[in-house]
Amino acid sequence: GGVPPAVDLVLGAAAGCLACVLTNPLEVVKTRLQLQGELQPPGTYPRPYRGVLRAVGAVCRADGLRGLQKGLAASLLYQGSMNGVRFYCYSLAEDAGWTRYPGGTVAAGAVAGAVGAFVGSPAYLVKTHLQAQTLSAMAVGHQHNHENISSAFKSIYRQHGVAGLWRGVTGAVPRVAVGSAAQLATFTSAKDWVCERQWFREGSWAAVLAGGMVSGVAVAVTMTPFDVISTRLYNQPVDADGTGKLYRGFLDCILQISSKEGLLGLYKGIGAVYLRLGPHTVLSLFFWDELRKM
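Residues numbered from 1 in each chain as written. Predicted model: local features only at pLDDT ≥ 70, side-chain atom pairs only at ≥ 80, totals over all residues. Heavy atoms only, no water.

Draft legend 1. Geometry of the overall build of the protein chain. Helices and strands together make up the secondary structure of the protein chain, namely 9 helices and 0 strands. Mapped in sequence order, the helices and strands of the protein chain form the string α-α-α-α-α-α-α-α-α. For 294 residues, the compact-globule estimate of 2.2 N^0.38 gives 19 Å, and the C-alpha radius of gyration of the protein chain, at 19 Å, lies within 12% of that figure. For the protein chain, the spread of C-alpha atoms along the three principal axes comes to 50 × 40 × 35 Å. (Helix = DSSP H or I, 4+ residues; strand = E, 2+ residues; numbered from the N terminus. Rg over C-alpha atoms; globule rule 2.2 N^0.38 Å.)

Structural data, given as structure tokens:
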């Protein structure tokens, strides 16, 4: 309370970046799991990544311990820009009194998340490319072979212009809008539910973390299909004119995945999504709250 929206932009960006450093390894694992067996029927392709824990080991064997922080610079840029804009827009909605109306909190969270996702889309594109890159024996999905974050931005801009930097945004906007709305709709009630059962003392961060993990179930179930679609649209190879070689767009991606990989194909990497959601939510809110107090 009492913090201007412009300050919330900076604090939200800082909070998202601090949380990102701790949760980025799960983002790397999630990306690999979601690209594994792309557009292939279940059981017909090799699986170098099997479950979250085995996938962590596979990443370490292929890329070393540092491989778990692949794409960290792009992840930080994405979290900073997306969360900064998201908290800023939500703070504006609070100041305008929109969140006091029924459903206002969820609507404001969804709109703020959508705007943040659009602004952060180029960074998410590069993050996905860099996190997918690995040795040919362990490679899943298309390999873009960028040297680093700056060369990735230069290469994409040189080949496809400004529009190329926003390729895949049609998957990113609904992903964050749905995730943000589901999170805001369930997080507080889940935290209260945990305290009512006296599992943890009310107001403790153990209760907040437990609430985040309970809320994470609902968020993971609703968000993972959009997450898979977003990863596929961002990582697919493109023609010289920027047209995707695998998917024509958001709806085509849904249809192709569900027809060729089955409906469970839309839930690839859900374990990593869930394990990342709770801690990332709690850490972001914790850092944001502490920075606001300071």
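Draft legend 2. Looking closely at helix H3 (residues 72-95). Along its 24 residues, H3 runs 33 Å from first to last C-alpha, staying within 8% of the 34 Å computed at 1.5 Å per residue. Positive backbone phi, at 85°, marks Gly97, one or two positions downstream of H3. (Expected span 1.5 Å × (residues − 1).)

Draft legend 3. Main features of a nonpolar patch on the surface. Residues Val111, Val115, Phe118 and Val119 make up a contiguous nonpolar surface patch of roughly 330 Å² in combined accessible area. By the secondary structure assignment, Val119 is in helix H4 (residues 104-132). (Patch = residues over 30% accessible without salt bridge, like charges linked within 9 Å, V, L, I, M, F, W, Y side chains within 5 Å. Areas by Shrake-Rupley, 256 points an atom, 1.4 Å probe, with all protein chains shown as cover. Salt bridge = Lys/Arg side-chain N within 4 Å of Asp/Glu carboxyl O.)

Draft legend 4. Representation of the side chain of Arg167 in the model. Secondary-structure assignment places Arg167 in the loop between helix H5 (149-165) and helix H6 (169-196). Salt bridges are absent for the buried Arg167, whose nearest opposite-charge side chain, Asp241, sits at 9.6 Å. Look past the residues within four positions of Arg167 in its chain and what remains in contact with it is Leu125, His129, His144, His160, Leu233, Tyr234, Gln236, Val238 and Gly242. (Buried < 20%, exposed > 50% of the residue type's maximum accessible area, 1.4 Å probe, protein only. Lys, Arg positive; Asp, Glu negative; His and termini not counted. Contact = heavy atoms within 4.5 Å.)

Draft legend 5. Broad picture of the packing of helix H1 (residues 5-35) against helix H7 (residues 205-235). The geometry of H1 relative to H7 is characterised by a closest axis approach of 10 Å and an angle of 80° between their N-to-C directions. Classified by the angle between their axes, H1 and H7 sit roughly perpendicular to one another. Side by side, H1 and H7 meet where Lys30, Thr31, Gln34 and Leu35 of the first sit next to Asp227, Val228, Thr231, Arg232 and Asn235 of the second. Classifying every residue of the contact of H1 with H7 by side-chain character gives 2 nonpolar, 4 polar and 3 charged. (Axes fitted to C-alpha atoms, helices over the stretch in contact; angles between N-to-C directions. Parallel < 35°, antiparallel > 145°, perpendicular 65-115°, else oblique. Nonpolar A, V, L, I, M, F, W, Y, C, P; charged D, E, K, R; others polar.)

Draft legend 6. Representation of the packing of H7 against helix H8 (residues 250-260). At a minimum axis separation of 10 Å, H7 and H8 run at an interaxial angle of 110°. Between H7 and H8, the angle is such that the two are roughly perpendicular. Judged by residue contacts, Phe226, Val228, Ile229, Arg232 and Leu233 of H7 engage Phe250, Cys253, Ile254 and Ile257 from H8. Class assignment of the residues belonging to the contact of H7 with H8 gives a composition of 8 nonpolar, no polar and 1 charged.

Draft legend 7. Seen up close, the pattern of salt bridges. Considering all chains together, one arrives at 11 salt bridges under this definition. Taking the shortest distance from any N to any O, the salt bridge between Glu27 and Lys30 comes out at 2.8 Å. Of the two residues, Glu27 and Lys30 both sit in helix H1, 3 residues apart, roughly one turn of that helix. Exposure remark for Glu27: the relative accessible area of 5% places this residue in the buried category. For Lys30, a relative accessible area of 2% gives the class buried. With a closest N to O distance of 2.8 Å, Arg232 and Glu261 form a salt bridge. Taken together, the residues Arg232 in helix H7 and Glu261 in the loop between H8 and helix H9 (270-293) connect sequence positions 29 residues apart. Look at Arg232 and you get buried, because its relative accessible area is 0%.

Draft legend 8. Region of interest: the environment of Phe250. By the element assignment, Phe250 lies in helix H8. Distance from Phe250 to Ile229, taken between C-alpha atoms, is 7.1 Å for residues 21 residues apart in sequence.

Draft legend 9. Up close: the packing of aromatic side chains. Evaluated as defined, the whole model comprises 5 aromatic pairs. Centroid distance Phe118 to Trp166: 5.8 Å. Interplanar angle 35°. Geometry classified as tilted. Residue Phe118 is located in helix H4, and its partner Trp166 is located in the loop between H5 and H6; the two are separated by 48 residues in the primary sequence. Of the residues examined, Phe118 reaches a relative accessible area of 46% and is grouped as partly exposed. Accessibility expressed as a relative area gives 29% for Trp166, which makes it partly exposed. Three or more aromatic residues joined by ring pairs form one cluster here, namely Tyr78, Tyr124 and Tyr234. Its end group placed over the ring of Phe87, Arg86 keeps NZ or CZ at 5.4 Å from the ring centre. The ring of Tyr124 carries the charged tip of Lys127 above its face, separated from the ring centre by 4.3 Å. (Phe/Tyr/Trp six-rings, centres within 6.5 Å; stacked < 30°, edge-to-face > 60°. Lys NZ or Arg CZ within 6 Å of the ring centre and 35° of its normal.)

Draft legend 10. Quick look at unusual backbone geometry. A positive phi angle is found at Asn145, which is not glycine, with a value near 55°. With respect to the helices and strands, Asn145 occurs in the loop between H4 and H5.

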